[in-house]
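The lines below spell out each chain.
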Amino acid sequence: MSAASTTQRIRRIPTITKPALIGIEIAVPVALIALWWFASAESADPFFPPLSAIAQRFQELWLFDHLVSDVLPSLGNLLAGFVIGGACGIALGAVLGTFRLARWLFAPVIDFWRAIPPVALVPIVVSLLGFGNETRILTIAIAALFPTLISTIDGMRSVDPQLRDVSQIYRLGARERLFDVRLPAASPRIASGLQVSLQVSFIVMIASEMLGSSNGIGAMTLLAQQSFATADMWAGIVLLGIVGYATNLVFTLIRDRVLRWYVRSQQLGKAM
Amino acid sequence: MTSQNTPASDAGVQPRLSVRGLGKSYGSGPSTTRIIEDLTFDVAAGEIVCIVGPSGVGKTTLLKCLTGLQPVSSGAAYIDGVPIQGPPEEMALVFQEYTRSLMPWLTVRKNVALPLKHLRLSARERDERVDEAITAVGLEHAVDSFPWELSGGMQQRVAIARSLAYRPEVLVMDEPFASVDAQTRFELEDLCLRIRDRFSMTIVVVTHDIDEAVYLSDRVVVLGSRPAVVTEVLDVDLPSPRDQIATRALPAFATMRSEILSHIREGKIPTATIRTQQKRRRRGR
Amino acid sequence: MTSQNTPASDAGVQPRLSVRGLGKSYGSGPSTTRIIEDLTFDVAAGEIVCIVGPSGVGKTTLLKCLTGLQPVSSGAAYIDGVPIQGPPEEMALVFQEYTRSLMPWLTVRKNVALPLKHLRLSARERDERVDEAITAVGLEHAVDSFPWELSGGMQQRVAIARSLAYRPEVLVMDEPFASVDAQTRFELEDLCLRIRDRFSMTIVVVTHDIDEAVYLSDRVVVLGSRPAVVTEVLDVDLPSPRDQIATRALPAFATMRSEILSHIREGKIPTATIRTQQKRRRRGR
Amino acid sequence: SAGGPDSADEDGTTTVTVAAVGIMSDVTLDIATEQGFFAEEGIEIEISQVAAPPAGLAALQGGQVDIAFSPGVVFANARAQDIPVVIVAGASGFPADVPPGPELDLYDDTGVYVDPSSGFTSLADLEGATIAVNARKANLEATASQALRNAGVDLSTIEWVALDFTSMIESLTSGQVDAAVPVNPFTLQAEEAGMERIASPAPEFFGDGASSFWLTSSQIAEEKSEVVTSFQAAIHKANAYANEHLDESIAAGVEIAGLDVAVEDAGKIYWPLEVTQQDVEVIGDNLVELDFLDAPVDMTDVILPGA
Amino acid sequence: MRPLRLVSGMAGFAFAILAWQLIAAGPMAGSALPTATATFAELFSLLPTPEFWADVGSTVLVALGGFAAALVTGVVIGIAVATSPLTMHATRAILEFLKPIPPIVLLPLVVLVLGPTTDMGLFLVFYGCALPIIMQTASGVFDVDPVTIATARSFSMGRFEVLWRIVLPSAMSYIGTAVRITVPASLIIAVVAGLLGGGPGLGNSLLRAQLSGSQTQLFAYVIALGVLGLLFQAVSEETERRVLHWHPSFRKEAV
Ligand SMILES: Nc1ncnc2c1ncn2[C@@H]1O[C@H](COP(=O)(O)OP(=O)(O)OP(=O)(O)O)[C@@H](O)[C@H]1O
Ligand SMILES: Nc1ncnc2c1ncn2[C@@H]1O[C@H](COP(=O)(O)OP(=O)(O)OP(=O)(O)O)[C@@H](O)[C@H]1O
Ligand SMILES: [Mg+2]
Ligand SMILES: [Mg+2]
């Protein structure tokens, strides 16, 4: 050890400044887009049209022709489904995370249910609810439920036993135990479950638009795909990506605000 | 098991807390480890009792049984003659692992106020209690900080303030002053004596500081051996009110001190016994 | 800032560790809190230095800067004249938050062996070091337990054993004996002295026990005021080897002891100052 | 990938991969195998089931399969987007020797169904109706649209909804849609549920001749012309055989598609023996007329010689 | 405790099946929902056929294969993203962009490149599982106790060693959550890949059942899938219990 030269023995973790990082975050996609642009410029493959063609279709379709008629309804469904699914996931997770017997009773049925491909259930849901927006929202909500549910259960179960003891000692009521101790303690995990739910909601939003009247980002993209309008399909994919990115950004901002205590306490020790 | 007589039968006056033949094991089946063999002692109302004993003997375990956080394996602990089966309303515990017993998402003030929520106090009384407790431990300047922004000793004092604000009838503390400096420690010890008088609290403290045990308490329970038994219960006959300088200067203080030390030594677990008694099965993998 | 002269220029012989005009603030922008103002002191090779000071003064913060875990805000700390910017290879730290510094998924033995993994020792030497360290802290019987099955004091001893097995050239400990009983504490103090002699380690200890500070150290650094400054650096002129009974009985011991106590009092932060200096912005909610 | 199309076995047999969708008209693949028509041509086929024809066409472009099944409308859509696919042979169609009317309608495996209690009795009643099809802008919507327009219905008043066939029948019986356009065997399910067929739009749309095709990509047609020709020859033999042994073929088709119906209820199928320019142009023209396509589709050189 | 758990799980099932039977035979008679009895009868007639088991085999293969690849890649990327600001910022745009794009939209492109084959199924499963695993792993890495990290750093552990010995075990509980979220998803995607994109397996059988309009058979396959899902889940839970025996959620409760 002592033989180590003085320059070597001190570990220096190179620090990159914040502006540089943001620069990189912008530069990477720009570089990829440029690469895509030039690599596809001469493309004659009907499935991989030149990016210029995609951009043109993007502008024609989405700016802002179908914005109100298709983008907003899709996002409305997404939001409604995600909120319902997420809220139910947290509520159900809180119950199953608290009562072991409830968990034992329902967890297997839930696990069973989760492995069922939605295609099989579509006719039943349609016969119960029709094929309007309710069905779409319901399917999104169901899909969004599970990641949050599981994360909430896991989060509640990983609460430091010490905190459980504290709430017993001070005889916190059931409500306080739940809302003042266990849920806040589990909140980082719930947030990460919600994030997965958000992603799943997106996916199901598109799948749900395979049914019923053909409006929405997903329906248009799928239709373009089925009728070989590949530039339109790519434009749809690009839009989905952009909207997804923006949605996630909003989610992250809200989460970091709500969990400020957590983010700050975690970042502390990792300074440098 | 045979020593299980109800506490009331013991003496004319009923003790506040009483421990009768209490035994405790962790684990189940072949991996059971006996931690506490058979403890019997009483704590009268308004008394301060200190529990001392070597590290790992089972003091924390005893407190957990006493506060109903852990079920006992044999015997029982009683509060006012009623067997303790879950945390009794009138009791509070300051945990040894203070860092982990604070809610990281609450500020100091909110941490202290947390147990008061369900007491149906008026907002004014609640604020008053919280402020008073926080001032008593000297943390007025940090009320809006989060626990992870505090030093170890400050966190420990938040945990103490939380239990003070709750104003339990029986206060149980597990090495509550381990991380504070000597000066603050003196102040907190005196605070303990003061609140005992003011609210006629019954206080049980686990400590490693023999001086502290003598200074604070009316009785000292020395635990030893493994599994734990009561090595000795010593009455502390020092005049009240106590004073950090005067009391500690008394010859009786020094006598008490060395007597306890010798009892601890005598109860100390010889390493050889430990080895055979605690042959741990491998687990995990 | 003006006091920033490189450590070598100070004296003919280079100190092992030196702190020069070190300052540290937490937070950034308007919510900055200055914790350490301007510390300057040296630790020579093979010395044991104790750092004492009131709770919350910034001792842990100082150690974090010293071990390169936190960046300093001004000034610098040097090891052998090289500024410390990340944890130096030859240094180890025993954390005040010992519970959280143990890996819950590793048994005691594996926790102790963890830092040795990257030292490229032979399996035999590694096992030897681990066994020796575990025996030294008296945990032979608990090698296969997981940290959360241990008492507070035992966990603390695991953390100590881990740093001993690592055999750093510079050992930094933050209130390492806060949770162990008096008897064990004495043994661990003597262990400290022994390993210092055996491996000619340099040891820096934060402690609240003034007796311990005097008994252990060659020098005591008293921190005080807020933001923290060095109130006093005292040389401890007690004969070596030290002995728990004989040394503590020396009159010089008592003198030292009361001198330090008075320095601490003098450096103690008056609550009023705190209030104005640390007017905390509301945050969280 | 699937079977290395170029790789001839020792005995000179070449493997041809075919994307099929698992419906009754696919039965000729099995007939050709069973009757040894492929073997006679020195090929062997490997079937890849795909859910929807567009996926088969994509696989064709990617060189993942050599031959793919496609309904006429999907083919026309693909051509309209300049996807270089060409017709190898006809896969199903309508016979020229049966006059239009109920008898020809038996060859239509689709139909427009309504609930008799709803009061709809003819296509003309469906003005402003909600009609379920399995996919938008595909075969069923195109054929039904044309039939509706011919019946004088203003197409802009129709609301089309996409539903899978099971949901379609459910929605029709529960009144959530006014009409549905299922294909066999869901036509039978609809009838079982008391629904009524008011039109058979396909023969009208496609006219006689081929209405669905076996396709390959221009590239494969060029690079592996021998294999493609062999496949073409074998399918022709199988089509002829199937037409001659209608009941046997339908029975086999019922089995392949995993249907639970009697052979006499399964309707009829006609396997075209050739594909004419007329067959493909009519599809393109109809789609343009219906505004499904913006511009006329260039159908020159889309049929391989001998198809 | 385990027998009690088993019994209550069974009770839950019995209750669910009973409810199903009552609904299917009562209010929803004649609808797309077959009765439980008919479905189980159909399932038992499928069980002895070798084709059924061949389908199960290939579906399980695709699901597990894709999942395993996603797990390894997801954990590695998740750790990289959460520990290195450079990686995080460099990949964020791409990952966030990919997240909302579902497998069904990509399907024709994947079919174009890979064909209606097992490889395609594997890829789609991989694609569908990797992103949730990345997200959960990254959260888990962020959740590592700062004191633990500081401890490792104070012993001058190298970056890689810290990752391997400290960060990974700490994040294990989150990874376990991710596994439990994605394992059934892998099964569904494997089936949907077979259903929409071709390739052998239960998806194909499901497609045939759907095309032939046999809801009873469709539901028999659905039950089979559900049981497979349960098996996957049980295996992953048991593995988790063993790996995370030290974690508060699995510590043996003191009696
Ligand atoms: N969950 C557990 N499972 C098994 N053994 C345990 C568990 N908790 C504690 N023990 C064991 O019980 C014994 C007593 O622990 P306890 O925490 O009561 O000691 P203590 O007297 O408080 O010690 P200290 O002064 O060090 O805090 C120890 O040997 C410890 O290893
Ligand atoms: N992350 C942080 N953000 C803001 N302030 C902090 C943070 N960490 C510590 N502090 C403040 O820094 C001061 C010094 O803390 P430090 O932990 O160094 O004290 P200490 O001397 O070790 O005290 P103790 O003896 O109680 O452990 C305290 O007032 C504390 O509130
Ligand atoms: Mg303890
Ligand atoms: Mg400290």
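Just above sits the structure.
Reference entry: report on the structure contained in this document. Keep in mind that this is a model prediction, so the values were computed, not measured.

If you check the shell around ligand 1, you find 19 residues, and the closest are B:K59, B:T60, B:T61, C:S151 and C:G153. Around ligand 1 the close residues trace back to chains B and C. B:H208 places a side-chain nitrogen or oxygen 3.0 Å from an oxygen atom of ligand 1. The separation between an oxygen atom of ligand 1 and a polar main-chain atom of C:E149 is 2.8 Å. Alone, ligand 1 offers 640 Å² of accessible surface; in the complex the protein occludes 91% of this. Looking at the shell around ligand 1, the elements with two or more residues in it are α1 (59-66) of chain B together with α5 (152-166) of chain C.

All names here are of chain B. Looking at the element boundaries, G68 is found in the loop between α1 and β4 (74-79). Residue G68 is classed as buried on the basis of its relative accessible area, which comes to 9%. In this structure the C-alpha to C-alpha distance between G68 and V130, which are 62 residues apart in sequence, comes to 26 Å.

Another point: the environment of E:A93. One can find E:A93 in helix α4 (residues 85-98). By relative accessible area, E:A93 is classed as buried at 11%. The sequence separation of E:A93 and E:D55 amounts to 38 residues, and the corresponding C-alpha distance is 39 Å. Apart from the residues lying within four places of it in its own chain, the contact partners of E:A93 are A:E25, A:P29 and A:Y245.

Attention shifts here to the pairing of strand β2 (residues 33-43) of chain B. All names here are of chain B. Pairing analysis gives 7 bridges linking strand β1 (residues 17-26) to β2, with the strands arranged antiparallel. By the bridge assignment for β2, Y26 is matched with T33. Between β1 and β2, which pair antiparallel in sequence order, lie 6 residues; one of them, G27, sits at a positive phi of approximately 80°. Where β2 lies against strand β10 (residues 228-235), 2 bridges are found, and the strand directions are parallel.

Facing the 19 residues of chain A at the interface are 26 residues of chain D. For the pair chain A and chain D, the summed buried surface comes to about 1800 Å²; carbon and sulfur atoms form 69% of the total. Ranking the residues of chain A by area buried against chain D places A:F47, A:F131 and A:F228 at the top, with a combined share of 33%. Linking chain A with chain D are 0 residue pairs in polar contact (both at pLDDT 80 or more), by the criterion used here. Of all elements in the fold, only α6 (118-129) and α10 (217-226) of chain A reach the threshold of two or more residues within the side of chain A that touches chain D. Considering every element that reaches the side of chain A that touches chain D, the biggest residue donor is α6(A), with 5 residues. Among the residues making up the side of chain A that touches chain D, the classes are represented as 12 nonpolar, 7 polar and no charged.

It is worth spelling out the coordination of the magnesium ion (ligand 3) at this point. Listed as protein donors to the magnesium ion (ligand 3) are B:T60 (OG1) and B:Q96 (OE1); their distances from the metal cover 1.8 to 2.2 Å. Here the residue B:T60 occupies a position in helix α1, and B:Q96 occupies one in the loop between β6 (91-94) and α2 (98-101), the gap between them amounting to 36 residues.

The next point concerns the packing of aromatic side chains. A full pass over the atoms with the stated rule returns 25 aromatic pairs over all chains. Considering the side-chain rings of C:F146 and C:W148, the 5.5 Å spacing of their centres and the 10° angle between planes classify their relative orientation as stacked. What makes C:F146 buried here is its relative accessible area of 2%. Overall, the relative accessible area of 27% leaves C:W148 in the partly exposed class. Centre to centre, the rings of C:Y166 and E:F155 are 5.1 Å apart; their planes meet at 75°, and the pair counts as edge-to-face. A residue pair is termed interchain when its members come from two chains, as with C:Y166 in helix α5 and E:F155 in the loop between α7 (146-154) and α8 (159-197). Positioned above the aromatic ring of B:Y215 is the side chain of B:R248, whose terminal nitrogen or guanidinium carbon lies 4.8 Å from the ring centre. Above the face of the D:F292 ring, D:K137 is positioned so that its terminal group lies 4.9 Å from the ring centre.

Glancing now at the nonpolar core. Grouped together as the largest cluster of nonpolar side chains are 188 residues, with contacts concentrated most on D:W214 and D:F231. At 15 residues, α8(E) tops the list of elements feeding residues into this core. Counting residues in each nonpolar core, the second largest holds 103 residues, with A:V159, B:F146, B:V170 and B:F177 among its members.

With that out of the way, let us pick up the site of ligand 2. In the vicinity of ligand 2, 20 residues are found, and the nearest of them are B:S151, B:G153, C:K59, C:T60 and C:T61. Flanking ligand 2 are residues from chains A, B and C. Note that an oxygen atom of ligand 2 is positioned 3.2 Å from one of the side-chain N or O atoms of C:E175. For ligand 2, the accessible surface in isolation is 640 Å², of which the surrounding protein chains cover 94%. Its residues placed into classes, the shell around ligand 2 shows 6 nonpolar, 10 polar and 4 charged.

Scoring rules and cut-offs
Residues numbered from 1 in each chain as written. Chains lettered and ligands numbered in written order. Predicted model: local features only at pLDDT ≥ 70, side-chain atom pairs only at ≥ 80, totals over all residues. Heavy atoms only, no water. Near = heavy atom within 4 Å. Polar contact = N/O pair within 3.5 Å; in protein donor to acceptor, adjacent residues only side chain to side chain. Areas by Shrake-Rupley, 256 points an atom, 1.4 Å probe, with all protein chains shown as cover. Helix = DSSP H or I, 4+ residues; strand = E, 2+ residues; numbered from the N terminus. Buried < 20%, exposed > 50% of the residue type's maximum accessible area, 1.4 Å probe, protein only. Contact = heavy atoms within 4.5 Å. Pairing = 2+ DSSP bridges. Buried area = accessible area lost by both parts, 1.4 Å probe. Nonpolar A, V, L, I, M, F, W, Y, C, P; charged D, E, K, R; others polar. Donors = N, O, S within 2.8 Å, 3.2 Å for Na, K, Ca; no water. Phe/Tyr/Trp six-rings, centres within 6.5 Å; stacked < 30°, edge-to-face > 60°. Lys NZ or Arg CZ within 6 Å of the ring centre and 35° of its normal. Core = buried A, V, L, I, M, F, W, Y, C linked by side-chain atoms within 4.5 Å.

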